Structure formats: structure tokens, C-alpha cells
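# Coordinate inspection notes
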Amino acid sequence: MLRDISDRCLAELPLTEDQGHWLGAALERFFNEPGTPIGEALGLRFARGGIPWWKEEAIRKRDAVLRELAGRFFGELTPARQAHEIATMANRYAASAWRHDREHGDMPRHYAGTRKESLWQAFASGAPMPIGERQ
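So, here is what we can say about the structure in this document. (Residues numbered from 1 in each chain as written. Predicted model: local features only at pLDDT ≥ 70, side-chain atom pairs only at ≥ 80, totals over all residues. Heavy atoms only, no water.)

A separate point is the environment of R8. Position of R8 relative to the elements: it lies in helix α1 (residues 2-10). Residue R8 is classed as partly exposed on the basis of its relative accessible area, which comes to 25%. Setting aside residues up to four positions removed in sequence, R8 forms contacts with L13, P14, L15, T16 and Q19. (Helix = DSSP H or I, 4+ residues; strand = E, 2+ residues; numbered from the N terminus. Buried < 20%, exposed > 50% of the residue type's maximum accessible area, 1.4 Å probe, protein only. Contact = heavy atoms within 4.5 Å.)

So, about the pattern of salt bridges. Tallying each qualifying case throughout the model produces four salt bridges. Where R3 meets E57, a salt bridge forms, and the shortest distance between an N and an O atom there is 2.4 Å. With R3 in helix α1 and E57 in helix α4 (residues 53-74), this pair connects stretches of sequence that are 54 residues apart. Residue class for R3 comes out partly exposed when judged on its relative accessible area of 44%. Residues E85 and R81 are paired through a salt bridge, measuring 2.8 Å at the closest nitrogen-oxygen approach. Of the two residues, E85 and R81 are both situated in helix α5 (residues 79-95); the distance of four residues between them amounts to about one turn of the helix. Assessed through its relative accessible area of 23%, E85 is described here as partly exposed. (Salt bridge = Lys/Arg side-chain N within 4 Å of Asp/Glu carboxyl O.)

In C-alpha cells form, the structure reads like this:
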């Protein structure tokens, strides 16, 4: 919900009724419960021993990109073979192009529509990359 609200604000769009109500209730918690961190009032908490919300979001983004890569470019392979191919590509990309690509804010235009676009997105997600085949 908070990500949607952020996107709407940045696009200078009005909030939906549900979004406005949710945000108002979250701010009310923050103002009425002294000592409550703003992140907690906004629902940005994680269980003891869990991972922070921002890491979880990055992992979800990375995993979605990798699933799309598997389906789009390796759909005819078994899941184990897909994992092997993607892990091999990711390790090569990490050792070569990513070292240079990460210094630039934007993806190189010639990656668009290619496997490297997905790899760039996975690496740029902020989640650990490359990951092993079993992951």
C-alpha cells in the first residue's frame, strides 16, 4: 500500500479513498502513540530474527525478474536446467559487465529485450546476486 501511495504522490496523482484512509490511520498511530517509530506506524516492521522490509522487497523483486527470465528464455528446459543456465549467466555477468554497469544509474540501452536486461534488473534490485542454483 505504501509503495502505491508513494508512486501516486510522485506522479502527482490524488490518492484513492482507501489509500487516504490507510495513510491517515497510519499517521494517527504515529501521532497518538508516543515513541512509535514512523516506520512501525506505517507497517514497516519485521519479526524478530526476520529480515528488514526493504531487503524482503529487494528479494521479491529479484526473484520475480529471475522467474520471468526462466520462463521467457528457458521455458523449454526443466526447472533444474533453468536454474543452472541462469546461475551460469549470472556468475559470468557478475565477473564481467556488472562491475562496470553498476557504476551507471541506468541499464545500457542495448540490453533491452535481452537476457542481460533481466540480469541487470536482478543485480540492480539490491538483493544478493548472483545466487546459487539451489536458490
